[in-house]
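Chains, contacts and geometry: an overview
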Amino acid sequence: MRCTALMAGFVLTSMPAHAAEAGLALAPIWGDHAVIQRDRPIMVEGWTAPKRAVSASLGEAHASGTSDPSGHFALRFPARPASDAGVTLTVSAGSDTAKASDLLVGDVWLCSGQSNMEYPVARALNGPGEVAAAGDGGLRLLTVPKTIAMQPRTSFGGPVSWAASSPQTAANFSAACYFMARDLRKALHVPIGAIHSSWGGSQARAWLSPQAGLKLYGAEDMAMLQAFARDKLDAVSRFAPRWQEWYRGATRGSEPWRQPDSLAWSAVPKISGWLGWEGTPLATKATGTIWLRRQITLTPEQAAAGAALKLGVLDDMDMTFVNGHPVGNSFGWDYERDYAVPPAYLHPGVNEIMVAVTNSYADGGFQSKPEVLLLAIKGGASIPLAEGWRFSISGAQTYPPRAPWDANGGIGVMHNNMIAPLGALALKGVAWYQGESDVDEPGYRQRLSALIDGWRGQFGTDVRVLVVQLANYGPVQKGAVASNTARLRDDQRFVAAQAPGAALVTAIDLGESSDIHPANKETLGDRLALAARGVPMPMPLSAQREGSAIRLRFSGVEGGLHAWSGVGPLGFELCGHDGRDCRLVAATVEGDSVLLPDAGDAEVVRYAWADSPRVNLYDGRDLPVPGFEMAVTDR
């Protein structure tokens, strides 16, 4: 599949199967009740027979062109002002016709990210009441189905359709996206289209464009990704050395896939999640990497036939070996493992199945019924694998590398089937709420920058980008501490400050220490809508020595800064070189500035630098100051 640039946008030039069958098909985003972006040229894409004349009308406007050798066409209409009067798009090629009716013109927003963006209206604060009041014919919603692909696709993984907001359509729609769109409707009085494309647990790199993936991860990883689409076993074999290198480094040279007896083994109590293994350490802590071992005896005929190893669902990632040969690597708490085992990997007699399962959250391990576990001999009977497993807890203290095709963190695998099919659709902007799955992965600043570049390469360089700074979550810290979550928040702030037309919207005061999915999405939506309209938010500008104090200046403040419920703001730290020797300090507010006492040795200022900080610094609009780190400079 080939991608080509078209003006400021992006198109996919291969013909989807449904277009070939119909003779003419519009890109999937062009359906009844869609919203067209106002004040920008309109690009209508679709597919028909190669080199075929195509004509179209959009209301009273007309456009024509010819499909390219792949059958793709792109017809350009002039920009239109906002309008809530529905128009019809009609496209014709020979005797074939395609239509989309009741199209409104206003602002179109794409909302993407992981589970906090996916969190539905029905579960938000006052969910039932919000759902009941969701009727609005000028607010149109579209949800993209969750599917992945190794290459960019021209169609989504399932049917999509636009629908006016109603109690039925809004209930399961993204709450953050819905509340933002609803507020924009009230403030702007124009139609709003909201496209929701998110996936809980996803890493940022799963949303990268192919160009961004190549730039960040290189040709070798992109080649492995393409190899997986053709030959999974070949791709796994190419990736395995990287995983094995990680494991040797994490365990001082251990190679259990080659030497299973080098580990101490215990009988698996039952085929279930590890939290159900009473009497074992995993019953109280089910995270980390665990080896599972099963021996199986094969006849010469069975070994010569080859097989498929079926392990059911393993939560959440695995690296699987048969007789020391890598046969599978997958991620997913709902994905059934089914790995091809060629005859060359088997032999008559006892064969070793070794599975390293890594779990990063809550329960892990076996999630399917015992009868699902099988070695399916090609052309013969399946051998049950429900009994006879042993386990060994690995000493690895870090998490393994993720494969380029990883379902939740593979390079661009979600972009390819959940963003790419939007084609050259004009957008007002993108709202991005993600990062929880990247907290322990270095390089988020680079990934987020590349992600923004990918959106602007596809949707236009002037697309506005809103980045949600992660909410507070986790145990409350009682002093200055290191925090990967705080580091990622600062990466979000830095990128939003550096990228033209981008804005940070913090949720740092909206979280719940015991729940990573806070329910207060309405306040977040209010803030997103303000940022979408270009309203400045409080942001740190500088930290300068001024006599015996350090003055922190902020932009985007209205009505001055205020410390809620205290004589001064909480959560300010001063640190030495490279953020070392941090200490909490008392702070005072002075207009749009904050003053910190200076002993002369501070090089870095931090604010709200914890997984779950307690903050009380707001401006006159009740908008909070985001978490940040900033170098101290002399005047």
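So, how was this worked out
One numbering rule holds for all chains: residues counted from 1, following each sequence as written. Totals for whole chains, interfaces and linings use every residue, but because this is a predicted model, local features are given only for residues with pLDDT of at least 70 and side-chain atom pairs only at 80 or more, for both listing and counting. Water and hydrogen atoms play no part in the side-chain values, which are based on all heavy atoms of the structure. When DSSP locates at least two bridges between a pair of strands, those strands are taken to pair. Where helices and strands are cited, they refer to DSSP runs of H or I of at least four residues and of E of at least two residues respectively, numbered from the N terminus. Throughout, an axis means a line fitted to C-alpha atoms (over the contacting stretch in the case of helices), and angles, computed between N-to-C directions, take values from 0 to 180 degrees. Here a residue-residue contact requires only that any non-hydrogen atoms of the pair lie within 4.5 Å. The nonpolar class holds Ala, Val, Leu, Ile, Met, Phe, Trp, Tyr, Cys and Pro. Asp, Glu, Lys and Arg form the charged class, and all remaining residues, Gly among them, are polar. Relative accessibility under 20% of the residue-type maximum defines a buried residue, over 50% an exposed one, and the middle range a partly exposed one, all with a 1.4 Å probe and only protein chains included. Charge convention: Lys and Arg are scored as positive, Asp and Glu as negative, and His as well as the terminal groups of each chain are ignored. Here, a salt bridge means any side-chain nitrogen of Lys or Arg that lies within 4 Å of a carboxyl oxygen of Asp or Glu. Polar contact is defined as a pair of N or O atoms within 3.5 Å, subject to the rule that within protein one atom must be able to donate a hydrogen and the other to accept it, and that residues adjacent in sequence are counted only when both atoms are side-chain atoms.

**A short note on the sheet that holds strand β34 (residues 593-597)**
What the 4 strands build is an open sheet, ordered β28-β29-β34-β33; its pairing is antiparallel. The outermost strands of the open sheet, each flanked by one partner alone, are β28 (539-546) and β33 (588-590). Each strand of the sheet is rotated relative to its neighbour by a mean of 25°, with strand direction disregarded. Here strand β29 (residues 549-555) pairs with β34 via 5 bridges, running antiparallel. Counterpart to Ala-549 in the pairing with β34 is Pro-597.

**Some remarks on the packing of helix α6 (residues 210-230) against helix α7 (residues 232-250)**
Contact geometry of α6 with α7 gives a least axis separation of 6 Å together with a crossing angle of 150°. Here Glu-220, Asp-221, Ala-223, Met-224, Ala-227, Phe-228 and Arg-230 of α6 come into contact with α7, specifically with Lys-232, Asp-234, Ala-235, Arg-238, Phe-239 and Arg-242. Of the residues belonging to the contact of α6 with α7, the class tally is 6 nonpolar, no polar and 7 charged.

**Some words on the pairing of β28**
Both β28 and β29 contribute to a ladder of 7 bridges, which runs antiparallel. Across the sheet, Pro-540 pairs through a bridge with Phe-554, a residue of β29. Counting the residues that bridge the hairpin from β28 to β29 gives 2 residues, and of these Gly-547 lies at a positive phi of roughly 65°.

**A short note on the side chain of Glu-436**
By the element assignment, Glu-436 lies in the loop between β25 (429-433) and α10 (444-459). One buried charged residue, Glu-436, remains without a salt bridge, the closest side chain of opposite sign being Lys-521 at 7.6 Å. Engagement of the side chain of Glu-436 in a polar contact is seen with the side chain of Asn-116, the distance being 2.8 Å. What Glu-436 contacts, discounting residues up to four positions off in sequence, is Gln-114, Asn-116, Leu-470 and Ile-516.

No statement about biological role is implied by the geometric values presented.
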